[in-house]
Amino acid sequence: MIDIRPDIARALIDRAPVVALESTLIAHGLPWPANLETARAAEAAVRAEGAVPATIAVWEGRPTIGLNDAELERLAQNQKVTKASRRDLAAAIARRSTAATTVAATIFLAHRVQIRFLATGGIGGVHRRAEETGDVSADLMQLASTRVAVVSAGAKSILDLPRTLELLETLGVPVVGYRTDDFPAFYSRSSGRPVSTRVDTVSEAAALLSTHWRLDGTGILIVQPVDESVALDRTEVDAAVAEAERQASAHGVRGPELTPYLLRHLAELTSGRTIKANQALVLANARLAAQIACAMDR
Ligand code: PSU
Ligand code: MN
């Protein structure tokens, strides 16, 4: 049922390092044309480190491992692409639709074809006011059951980060700081909460991953903070998130639309600085995921 494009099939047969990239951040996380630039640059960053990039989405009903450049462009342009989390995959396939996949859906598909690494911006998590809305990203549950390493800049600042970390602990997902003791907050460098462990080199990260998997561990989250030159101040982000949340709740925005809505409004509230940060951190994460994938290979 899964379409693996030739260069990736080849790499998988050769056991070469492959890094999966998710597509929701292209279709729903960033505006045109920053989204297409970021998608292309993330692939280039993976290649530059000597690994093979595989952007994953459901293309006209086919889960596809490794979109080509024309497909990337259509995904970035098309406002009508749906957002598919794990539960939405069957519907997208049965209806032959084109859907961008979230971290949850992407790691599920990546794992099916034995890709063990994924780079993204920030994973989904426990939303603020989750006690009222019950909104907890499926990314967390999927990490708990999928043997894959996800490299991110923490979880998105729009979330309740302390509760997200608590749930990751409950689910047995290590949160590994790459050269940091603090769990990063996506647009800003620290959430003020600690990671569960820290590594300072790529080979240390690789050793930790193999040990986790030898212990029958499943998902593992490797986090690194956004580069200082584009990072936003945490209090500024918090104020902007509070404002964006107010607008979302006034307009009754809920469920899968909430994350894209908040990201859009944060971009407006910060005159586009969140977009610059988002782009930079996605590239840095793609690079790090590729480096770790190559180190595991050796
Ligand atoms: N990282 C980004 N931008 C994004 C996302 C992650 O830099 O748009 C997406 C991911 O695909 C993640 C999803 O899985 O947001 C979480 O959505 P939700 O909260 O609805 O589960
Ligand atoms: Mn949700």
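First things first, this report covers the structure right here in the doc. (Residues numbered from 1 in each chain as written. Chains lettered and ligands numbered in written order. Predicted model: local features only at pLDDT ≥ 70, side-chain atom pairs only at ≥ 80, totals over all residues. Heavy atoms only, no water.)

### Structural notes on the overall build of the protein
Here's step 1: When helices and strands are tallied, the protein shows 13 helices and 11 strands.
Here's step 2: Expressed as lengths along the three principal axes of its C-alpha atoms, the size of the protein is roughly 50 × 45 × 35 Å.
Here's step 3: For the protein, the residues scored as buried account for 56% of the 298 residues in total.
Here's step 4: By element, 49% of the accessible surface of the protein is carried by carbon and sulfur atoms, the whole surface being about 12800 Å².
Here's step 5: Side chains of the protein carry 33 positive and 34 negative charges; the gap between the two charge centres is 5 Å. (Helix = DSSP H or I, 4+ residues; strand = E, 2+ residues; numbered from the N terminus. Buried < 20%, exposed > 50% of the residue type's maximum accessible area, 1.4 Å probe, protein only. Areas by Shrake-Rupley, 256 points an atom, 1.4 Å probe, with all protein chains shown as cover. Lys, Arg positive; Asp, Glu negative; His and termini not counted. Charge placed at Lys NZ, Arg CZ, Asp CG, Glu CD.)

### Concerning the site of ligand 1
Here's step 1: Taken together, 19 residues lie around ligand 1, and Glu22, Lys83, Val103, Ser137 and Asp139 are the ones closest in.
Here's step 2: Within the contact set of ligand 1, a nitrogen atom lies 3.1 Å away from a backbone nitrogen or oxygen of Gly122.
Here's step 3: In this structure, an oxygen atom belonging to ligand 1 sits 2.9 Å away from a side-chain N or O atom of Thr259.
Here's step 4: Out of a free accessible area of 480 Å², ligand 1 has 95% covered by protein chains.
Here's step 5: Of all the elements in the fold, those that place two or more residues in the shell around ligand 1 are α2 (24–29) and α12 (258–269).
Here's step 6: The residue makeup of the shell around ligand 1, split by class, is 4 nonpolar, 11 polar and 4 charged. (Near = heavy atom within 4 Å. Polar contact = N/O pair within 3.5 Å; in protein donor to acceptor, adjacent residues only side chain to side chain. Nonpolar A, V, L, I, M, F, W, Y, C, P; charged D, E, K, R; others polar.)

### Regarding the packing of aromatic side chains
Here's step 1: Considering all chains together, one arrives at 2 aromatic pairs under this definition.
Here's step 2: Measuring from centroid to centroid gives 6.3 Å for Phe117 and Trp213, while their planes differ by 65 degrees, and the two rings are edge-to-face. One end of the pair, Phe117, is in strand β7 (residues 117–119); the other, Trp213, is in helix α10 (residues 202–214), and 96 residues separate them in sequence. Take Phe117 and Trp213: they sit in the same class, and that class is buried.
Here's step 3: Summarising the aromatic geometry, the rings of Phe186 and Tyr187 are spaced 4.6 Å apart at their centres and angled 55 degrees between planes, so their arrangement reads as tilted.
Here's step 4: A relative accessible area of 1% places Tyr187 in the buried class.
Here's step 5: Looking at Arg86, its charged tip hangs above the ring of Phe108, at a distance of 3.8 Å from the centre. (Phe/Tyr/Trp six-rings, centres within 6.5 Å; stacked < 30°, edge-to-face > 60°. Lys NZ or Arg CZ within 6 Å of the ring centre and 35° of its normal.)

### Quick look at unusual backbone geometry
Here's step 1: The omega torsion across Trp32 and Pro33 is 0 degrees, close enough to zero to call that bond cis.
Here's step 2: Relative to the helices and strands, Pro33 resides in the loop between α2 and α3 (34–48).
Here's step 3: Located in the positive-phi region is Arg129, a residue other than glycine, with phi close to 65 degrees.
Here's step 4: A relative accessible area of 31% places Arg129 in the partly exposed class.
Here's step 5: The backbone of Ser271 shows a phi angle near 50 degrees, a positive value even though the residue is not glycine.
Here's step 6: Along the chain, Ser271 falls in the loop between α12 and α13 (273–297).
Here's step 7: Here Ser271 falls in the exposed class, since its relative accessible area comes to 68%.

### Topic: the side chain of Thr120
Here's step 1: Summarising the element assignment, Thr120 is placed in the loop between β7 and α7 (130–133).
Here's step 2: Engagement of the side chain of Thr120 in a polar contact is seen with the side chain of Glu22, the distance being 2.6 Å.
Here's step 3: Not counting residues up to four positions away in its chain, the partners in contact with Thr120 are Glu22, Leu25, Val103, Val150, Val151, Ser152, Val282 and Asn285. (Contact = heavy atoms within 4.5 Å.)

### A few points about the packing of helix α6 (residues 103–112) against helix α8 (residues 138–145)
Here's step 1: In contact at an axis separation of 8 Å, α6 and α8 are set at 25 degrees when each is read in the N-to-C sense. What the angle tells us is that α6 and α8 run roughly parallel. Here the hand of the crossing between α6 and α8 comes out left-handed. Here α6 contributes Val103, Ala104, Ile107 and Phe108 to the contact with α8, which in turn contributes Ala138, Asp139, Gln142 and Leu143. (Axes fitted to C-alpha atoms, helices over the stretch in contact; angles between N-to-C directions. Parallel < 35°, antiparallel > 145°, perpendicular 65-115°, else oblique. Left-handed = near helix turned anticlockwise from the far one by under 90°.)

### Here we look at the nonpolar core
Here's step 1: With 94 residues, the main nonpolar core has Val19, Phe183, Leu209, Leu221, Ile222 and Ile292 as its most contacted residues.
Here's step 2: Counting residues per element, this core draws most heavily on α13, at 13 residues. (Core = buried A, V, L, I, M, F, W, Y, C linked by side-chain atoms within 4.5 Å.)

### Comments concerning the environment of Met141
Here's step 1: Note that Met141 resides in helix α8.
Here's step 2: Given the relative accessible area of 49%, Met141 is considered partly exposed.
Here's step 3: Put simply, Met141 and Lys156 are 15 residues apart on the chain and 16 Å apart in space, counted from C-alpha to C-alpha.

None of this, on its own, says anything about what the molecule does.
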